[in-house]
Amino acid sequence: MNTFSAKVEDIKSDQFFSCITVRANDMELKLLKTEVPKWLHIGDEVECRVQEAAIAICKGAKEGSVSIENHLSGELQHFRKGLVLSEVSVETPCGKLNSLITTDAFERMELCEGCNVTLLLKAVDIKLMPVIDSTSFEQCASKLANQ
């Protein structure tokens with residue numbers, strides 16, 4: 001599981017979905033949820049989690065040509081090729097993220113260490129968790145008790 005820290009910048013909701021905007025370093029990311037967690041507010045520090053198999057990789061510029069809004073550019077640092085799947089580690093502005101892709105795709109894209117890639121993260125595939133430490137645990141418990 002990939003994890004990185006972010007800060008909640010905006011929350012917009014309609015009758016069906018909520019769009020949560022977070023910022024991780026200088027990267028703005030959008031998350032779609034059926035409902036906003038009761039503990040979540042603008043300004044909160046959160047931990048974002050995304051499964052390795054939920055991260056697609058593209059090589060070359062794809063801006064505007066795909067429906068996925070979350071594009072993280074980075075450099076491929078390391079890979080492990082298997083017969084069916086390959087694990088790819090990419091250094092991004094959000095830190096090191098791993099992706100699992102088919103080995104056929106890995107070879108077709110001619111990926112190698114040091115090449116530049118873009119990771120694509122679907123807004124529905126990013127999970128949010130509160131940042132828990134001794135003070136934020138008390139704050140989170142207080143928020144939940146007051147709702």
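The structure presented is a predicted model; accordingly, all values stated were derived computationally and were not measured.

Enquirer: Report on the side chain of serine 89, specifying residues and quantitative values.
Expert: In this structure, serine 89 sits in strand β7 (residues 85–92). A polar atom in the side chain of serine 89 sits 2.5 Å from the side chain of asparagine 98. With residues up to four places along the chain from it excluded, the contact list for serine 89 reads Glu75, Leu76, Gln77, His78, Lys96, Leu97 and Asn98.

Enquirer: So what's going on with the sheet that holds strand β1 (residues 2–13)? Residues and values would help.
Expert: Backbone-to-backbone hydrogen bonds join strands into a sheet, with any given pair of strands oriented parallel or antiparallel. Strand order in the open sheet formed by five strands is β3-β2-β1-β4-β10, with antiparallel pairing between adjacent strands. At either margin of the open sheet sits one strand with a lone partner, and together these are β3 (27–33) and β10 (127–130). Each adjacent strand pair in this sheet contributes to an overall mean axis angle of 45°, direction not counted. Of the pairings in the sheet, the one linking β1 to strand β4 (residues 45–50) comprises six bridges and is antiparallel in character. Within β4, the position partnered with alanine 6 by the bridge is valine 46.

Enquirer: Summarise the pairing of β7; cite the residues concerned and give the values.
Expert: Along any regular strand the residues' side chains alternate between the sheet's two faces. Alignment of strand β6 (residues 70–81) against β7, held across six bridges, turns out to be antiparallel. Residue pairing across strands places glutamate 75 opposite glutamate 91, the latter belonging to β7. Count of turn residues in the β6/β7 antiparallel hairpin: three residues. Strand direction decides the pairing type here: β7 and strand β8 (residues 95–102), joined by eight bridges, are antiparallel. By the bridge assignment for β8, valine 88 is matched with serine 99. Linking two consecutive strands that pair antiparallel, namely β7 and β8, is a turn of two residues.

What counts as what
Residues numbered from 1 in each chain as written. Predicted model: local features only at pLDDT ≥ 70, side-chain atom pairs only at ≥ 80, totals over all residues. Heavy atoms only, no water. Helix = DSSP H or I, 4+ residues; strand = E, 2+ residues; numbered from the N terminus. Polar contact = N/O pair within 3.5 Å; in protein donor to acceptor, adjacent residues only side chain to side chain. Contact = heavy atoms within 4.5 Å. Pairing = 2+ DSSP bridges. Axes fitted to C-alpha atoms, helices over the stretch in contact; angles between N-to-C directions.

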